[in-house]
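Each chain, letter by letter, is given below.
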Amino acid sequence: EVQLVESGGGLVQAGGSLRLSCAASGLAFDDYAIGWFRQAPGKGREGVLCISRRERITYYADSVKGRFTISSDNVKNTMYLQMTSLKAEDTAVYYCAARPSYYCSNYGPLYDYWGQGTQVTVSS
């Protein structure tokens, strides 16, 4: 059974940093594209970025380029979303998701597995 468990969200001041974790069980990162999505209050779900074996990191939200990045710990089978220079507009519930592909996608329904989400709140 595949499970994704996120952690690391919280309240941070604008300009601060957070690192979100996505701990995976039942899958190997090499065989999956891992996407990060977010949903702000009153808005639809937005693709943020994705990492895959063939494409490496793909950014879907221009606003996070240069501020967000992905890293992984294959021993712990955990993916990390490092967020820096946070802004109030980054406030959202953040989700990691996995699809069994070597390629990323910004289309949420293509992802088979989702974490429960973690709240990130940036105060201005």
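Before reading on, note that the structure itself is shown above.
Residues numbered from 1 in each chain as written. Predicted model: local features only at pLDDT ≥ 70, side-chain atom pairs only at ≥ 80, totals over all residues. Heavy atoms only, no water.

**Student:** Quick rundown of the sheet that holds strand E1 (residues 3-7)? Include the residues and the values.
**Tutor:** Pairing is antiparallel in the open sheet, where four strands are placed in the order E1-E3-E8-E7. The sheet terminates laterally at E1 and strand E7 (68-73), the two strands that pair on one side only. Averaged over all pairs of adjacent strands, the angle between their axes in this sheet comes to 20°, without regard to strand direction. Of the pairings in the sheet, the one linking E7 to strand E8 (residues 78-83) comprises six bridges and is antiparallel in character. Residue pairing across strands places phenylalanine 68 opposite methionine 83, the latter belonging to E8. (Pairing = 2+ DSSP bridges. Helix = DSSP H or I, 4+ residues; strand = E, 2+ residues; numbered from the N terminus. Axes fitted to C-alpha atoms, helices over the stretch in contact; angles between N-to-C directions.)

**Student:** Lay out the state of the cysteines in plain terms, naming residues and giving numbers.
**Tutor:** Here the structure, examined in full by the defined rule, presents two disulfides. The disulfide bridge from cysteine 22 ends at cysteine 96, spanning 2.1 Å between sulfur atoms. In this structure the cystine formed by cysteine 22 and cysteine 96 twists about its S-S bond by roughly 70°; its chirality is therefore right-handed. Here cysteine 22, found in strand E3 (residues 18-25), pairs with cysteine 96, found in strand E9 (residues 92-99); they are 74 residues apart in sequence, far enough to count as distant. Assigning the bonded cysteines of the protein consecutive numbers by sequence position, one obtains the connectivity 1-3, 2-4. (Disulfide = S-S within 2.5 Å.)

**Student:** Now, about the packing of aromatic side chains: what can you tell me, with residues and values included?
**Tutor:** Across all of its chains, the model carries five aromatic pairs by this definition. Where phenylalanine 37 meets tryptophan 114, the ring centres are 5.0 Å apart and the plane angle is 50°; that geometry is what we call tilted. Note that phenylalanine 37 is positioned in strand E4 (residues 33-39) and tryptophan 114 in strand E10 (residues 113-114), a separation of 77 residues in sequence. With relative accessibility at 27%, the residue tryptophan 114 sits in the partly exposed group. Aromatic pair tyrosine 111 and tryptophan 114: ring centres 6.2 Å apart, planes at 65°, arrangement edge-to-face. One aromatic cluster is present, formed by Phe37, Tyr95, Tyr111 and Trp114 through successive ring pairs. Between arginine 19 and the ring centre of tyrosine 80, over which it is positioned, the NZ or CZ distance is 4.0 Å. Of note, arginine 99 hangs over the ring of tyrosine 111, and the distance from its end group to the ring centre comes to 6.0 Å. (Phe/Tyr/Trp six-rings, centres within 6.5 Å; stacked < 30°, edge-to-face > 60°. Buried < 20%, exposed > 50% of the residue type's maximum accessible area, 1.4 Å probe, protein only. Lys NZ or Arg CZ within 6 Å of the ring centre and 35° of its normal.)

**Student:** Provide a residue-level description of the pairing of E4, including the pertinent values.
**Tutor:** Regular strands have side chains that alternate between both faces of the sheet. Burial analysis of E4 places six of its seven residues in the buried class, which makes it a mostly covered element. Two strands pair when backbone bridges link them, and E4 and E9 are joined in this way by seven bridges, in the antiparallel orientation. Across the sheet, the residue bridging to glutamine 39 is valine 93, located in E9. With antiparallel pairing between neighbouring strands as the criterion, E4 and strand E5 (residues 45-52) make up a hairpin whose turn holds five residues, including glycine 42 at a positive phi of roughly 75°.

**Student:** Would you mind going over the nonpolar core in detail, with residue names and values included?
**Tutor:** Ranked by internal contacts, the top residues of the largest apolar core, which has 30 residues, are Leu27, Trp36, Phe68, Met79, Leu81, Met83 and Tyr94. At the level of secondary structure, the elements contributing two or more residues to this core comprise E3, E4, E5, E7, E8, E9 and strand E11 (118-123). Excluding residues that lie within four positions of it along the chain, methionine 83 makes contacts with Gly16, Ser17, Leu18, Leu20, Arg67, Phe68, Tyr94 and Val120. One finds Phe37, Cys50, Cys104 and Tyr111 within the second-largest nonpolar core, a separate group that totals six residues. (Core = buried A, V, L, I, M, F, W, Y, C linked by side-chain atoms within 4.5 Å. Contact = heavy atoms within 4.5 Å.)

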